[in-house]
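# Residue-level structure breakdown
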Amino acid sequence: MTFKQIVRGIEALALVAALVFVVLLFANDGGGGEAAPASGGAQLYSANCAGCHGVDGGGGLGPALAGEVTTAFPDIEDQITLVSEGRGSMPAFGGDLSEEQLRQLVEYTRTDLGS
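Worth saying up front: this structure is predicted, and the values here are computed from it rather than measured.

### What about the packing of helix α2 (residues 40–48) against helix α6 (residues 99–111)?
Viewed as axis vectors pointing N to C, α2 and α6 meet at an angle of 90 degrees, and their least axial separation amounts to 8 Å. Taken together, the axis directions place α2 and α6 in an arrangement best described as roughly perpendicular. Contacts between α2 and α6 involve G40, G41, A42, L44 and Y45 from the first element and Q101, Q104, L105, Y108 and T109 from the second. Its residues placed into classes, the contact of α2 with α6 shows five nonpolar, five polar and no charged.

### Brief notes about a nonpolar patch on the surface
Residues V16, V20, F21, L24 and L61 make up a contiguous nonpolar surface patch of about 400 Å² in total accessible area. Take V16: it is sitting in helix α1 (residues 3–27). Given the relative accessible area of 48%, V16 is considered partly exposed.

### Thoughts on α2
Those residues of α2 that fall on the buried side of the exposure criterion are G41, A42, L44 and Y45. Angular distribution of buried residues about the axis of α2 spans 165 degrees; they occupy a single face of the element. The inward-facing, buried residues of α2 contact α3 (50–53) and α6.

### Observations regarding the packing of aromatic side chains
Tallying each qualifying case throughout the model produces one aromatic pair. With 5.7 Å between their ring centres and 50 degrees between their planes, Y45 and Y108 make a pair best called tilted. Here Y108 lies in helix α6 and Y45 lies in helix α2, a separation of 63 residues in the sequence. According to the relative accessible area criterion, Y108 is buried, its value standing at 14%.

### Here we look at the side chain of Q79
Tracing the chain through its elements places Q79 in helix α5 (residues 76–85). Those residues in contact with Q79 that sit more than four places away from it in its chain are V69, F73, V106, T109 and R110.

### Some words on the environment of S89
Of note, S89 is situated in the loop between α5 and α6. Between the alpha carbons of S89 and G62 there is a distance of 8.6 Å; along the sequence they are 27 residues apart.

### Describing the nonpolar core
Grouped together as the largest cluster of nonpolar side chains are 15 residues, with contacts concentrated most on Y45, V83, L97, L102 and L105. Contributing elements (two or more residues each) for this core: α2, α5 and α6. The dominant element in this core, judged by the number of residues it contributes, is α6, at four residues. Aside from chain neighbours lying at most four places away, what touches L105 is G41, L44, Y45, C49, V83 and L97.

How each quantity is defined
- Residues numbered from 1 in each chain as written.
- Predicted model: local features only at pLDDT ≥ 70, side-chain atom pairs only at ≥ 80, totals over all residues.
- Heavy atoms only, no water.
- Axes fitted to C-alpha atoms, helices over the stretch in contact; angles between N-to-C directions.
- Helix = DSSP H or I, 4+ residues; strand = E, 2+ residues; numbered from the N terminus.
- Parallel < 35°, antiparallel > 145°, perpendicular 65-115°, else oblique.
- Contact = heavy atoms within 4.5 Å.
- Nonpolar A, V, L, I, M, F, W, Y, C, P; charged D, E, K, R; others polar.
- Patch = residues over 30% accessible without salt bridge, like charges linked within 9 Å, V, L, I, M, F, W, Y side chains within 5 Å.
- Areas by Shrake-Rupley, 256 points an atom, 1.4 Å probe, with all protein chains shown as cover.
- Salt bridge = Lys/Arg side-chain N within 4 Å of Asp/Glu carboxyl O.
- Buried < 20%, exposed > 50% of the residue type's maximum accessible area, 1.4 Å probe, protein only.
- Arc of directions from axis to C-beta.
- Phe/Tyr/Trp six-rings, centres within 6.5 Å; stacked < 30°, edge-to-face > 60°.
- Core = buried A, V, L, I, M, F, W, Y, C linked by side-chain atoms within 4.5 Å.

Below, the structure is given as structure tokens:
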């Protein structure tokens, strides 16, 4: 087996992995048929985050948030920046949500999620 064949095999595996990730991303609706949450932050979370982070914030495709987010982001402004700008496989929501919506969403993950 030549080096070129090994590289082609690795490229093929990476492509398959990327396709599986995309399929799982769109297949995970995160709603589970549950009633819509009442608060603005909860509604924003359900619509934008639950598909990856889980309805209860326990994780899924994305990391767990419930009980974890204030440790990872002691400063709320840092978390708002991450949600606004995105990072790695997490998309940026700054173009879709207003500053007030971003703050409501982040405050929900810090205070109400998983409770």
